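# Structural features, examined
One-letter residues, chain by chain:
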Amino acid sequence: MKKGKIFVVGTGPGKRQHMTTEAQKAILESDVIVGYGIYVDLIRDMLTGKELVTTGMTHEAKRCAAGIELASRGKVVSIVSSGDPGVYAMAGLVLELMKQYSLETEPLWGTDIRNRPDVKIISGVPAHCSCASLLGAPLMHDFAAISLSDRLTPWELIEKRLHNASDADFVIVIYNPKSKGRTHHINKARDIMLKYRKHDTPVGIVKAAMRDDETVTLTTLGDMLSHEIDMQTTVIVGNSQTFCWENWMVTPRGYKITPQAAV
């Protein structure tokens with residue numbers, strides 16, 4: 001039996017033109033594509049003739065385990081994530097499971113470690129980068145990314161991180177801001193940030209970045225909750241220096257600008 005291989009692939013915002021060449025090559029080389037159904041649909045034009053393993057939300061461990069098992073049988077498997085696989089995605093889980101299986105008396109690939117599937121992590125454009133490019137340049141200085149999902153992280157810890165990042169004047173990128181079962185976390189997060197920032201602090205709200213239903217909104221911290229926010233949305237909250245100019249959101253890096261520098 002040939003040795004299997006696992007690619008953990010970041011597909012970026014989702015469409016082929018926003019994927020790296022290496023990510024596209026890995027998918028085309030694979031026998032099996034494993035992923036969340038919605039993300040697999042975004043690259044379906046690349047998947048003709050391939051075996052597909054898809055699951056819904058909250059079944060991440062099941063997906064990764066299925067991919068590892070298929071690779072242990074000699075298949076070339078791509079486990080796909082939108083954005084970057086190492087940012088709130090599947091890379092860590094794949095490696096955690098590989099470690100766990102390696103400690104078993106009879107691993108999936110047998111007792112000879114040389115039969116263990118190779119793993120390669122292939123980066124993709126993460127949501128905070130694709131969203132930032134649509135807003136302008138909001139991440140030009142230090143920033144913190146915080147997920148508001150408390151499915152895997154206690155809400156008390158999320159609140160602590162929001163307080164600390166706000167107090168330290170980081171630009172704050174909010175992932176997973178709101179879902180059908182978690183509607184008030186974004187309200188609580190906004191209230192925490194308002195303890196440290198002015199109401200007119202610039203905020204960028206990007207939904208479905210670089211997809212057909214993309215929307216980009218520039219607003220303020222005081223007014224952000226009047227705009228639509230859901231699980232496809234990434235919210236970027238500026239720091240004390242962030243400003244808006246025309247339709248751009250900009251966080252200065254600190255360069256000294258003179259009239260000569262503009263020539």
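## Side note on the nonpolar core
By size, the foremost hydrophobic cluster in this structure holds 21 residues, and its most contacted members are Leu 148, Leu 162, Ile 174, Met 224, Val 235 and Val 237. Only strand 7 (143-147), helix 6 (155-167), strand 8 (171-175), helix 7 (185-194), strand 9 (202-207) and strand 11 (233-237) provide two or more residues apiece to this core. Here this core gets five residues from one element, more than from any other, and that element is helix 7. Excluding anything up to four places from it in sequence, Met 224 contacts Ile 186, Arg 190, Val 203, Ile 205, Thr 219, Ile 229 and Val 235. Core analysis: the next-biggest nonpolar cluster, separate from the first, contains 18 residues, Val 8, Val 34, Ile 68 and Met 98 among them.

## Describing the pattern of salt bridges
Where charged atoms of side chains with opposite charge meet at close range, the side chains can pair. Counted according to the given criterion, the structure contains 13 salt bridges. Here Arg 44 makes a salt bridge to Asp 41, at a shortest N to O gap of 2.6 Å. Using a relative accessible area of 41% as the deciding quantity, one classes Arg 44 as partly exposed. Accessibility expressed as a relative area gives 45% for Asp 41, which makes it partly exposed. Connected through salt bridges with shared partners, the residues Lys 5, Lys 25 and Glu 29 form a single ionic network.

## Quick notes on the layout of surface pockets
Empty pockets left among the atoms are what a rolling probe the size of a water molecule brings to light. Roughly 1400 Å³ of volume is contained in the largest pocket. Lining the largest pocket are 47 residues, with Tyr 39, Met 57, Tyr 88, Asn 176 and Met 231 sitting closest to its centre. Space inside the second largest pocket adds up to approximately 180 Å³. Around the second largest pocket, the lining residues are Ser 166, Asp 167, Asp 169, Tyr 196, Arg 197, Lys 198, Asp 200, Thr 201, Pro 202, Asn 239, Ser 240 and Thr 242. Taken together, the residues of the lining of the second largest pocket break down into two nonpolar, five polar and five charged.

## With respect to the sheet that holds strand 8
Across the sheet, five strands lie side by side as 7-8-11-9-10; this open sheet has mixed pairing. Both outer strands of the open sheet, strand 7 and strand 10 (215-220), are each paired with one neighbouring strand and no more. Recorded for the sheet is a direction-independent mean angle of 20° between the axes of neighbouring strands. Relative to strand 11, strand 8 runs antiparallel, the two sharing three bridges.

## Brief notes about a nonpolar patch on the surface
On the surface, Leu 95, Val 119 and Ile 121 cluster together into a nonpolar patch covering about 220 Å² of accessible area. With respect to the secondary-structure elements, Leu 95 resides in helix 4 (residues 91-102). Under the relative-accessibility criterion, Leu 95 is labelled partly exposed at 45%.

What counts and what doesn't
- Residues numbered from 1 in each chain as written.
- Predicted model: local features only at pLDDT ≥ 70, side-chain atom pairs only at ≥ 80, totals over all residues.
- Heavy atoms only, no water.
- Core = buried A, V, L, I, M, F, W, Y, C linked by side-chain atoms within 4.5 Å.
- Buried < 20%, exposed > 50% of the residue type's maximum accessible area, 1.4 Å probe, protein only.
- Helix = DSSP H or I, 4+ residues; strand = E, 2+ residues; numbered from the N terminus.
- Contact = heavy atoms within 4.5 Å.
- Salt bridge = Lys/Arg side-chain N within 4 Å of Asp/Glu carboxyl O.
- 1 Å grid on protein atoms, 1.4 Å probe; cavity = no way out; pocket = protein on both sides within 12 Å on 5 of 7 lines; lining within 4 Å.
- Points joined across faces, edges and corners; volume = space filled by probe spheres on them.
- Nonpolar A, V, L, I, M, F, W, Y, C, P; charged D, E, K, R; others polar.
- Pairing = 2+ DSSP bridges.
- Axes fitted to C-alpha atoms, helices over the stretch in contact; angles between N-to-C directions.
- Patch = residues over 30% accessible without salt bridge, like charges linked within 9 Å, V, L, I, M, F, W, Y side chains within 5 Å.
- Areas by Shrake-Rupley, 256 points an atom, 1.4 Å probe, with all protein chains shown as cover.

Scope: geometric values only; no functional claims are made or implied.
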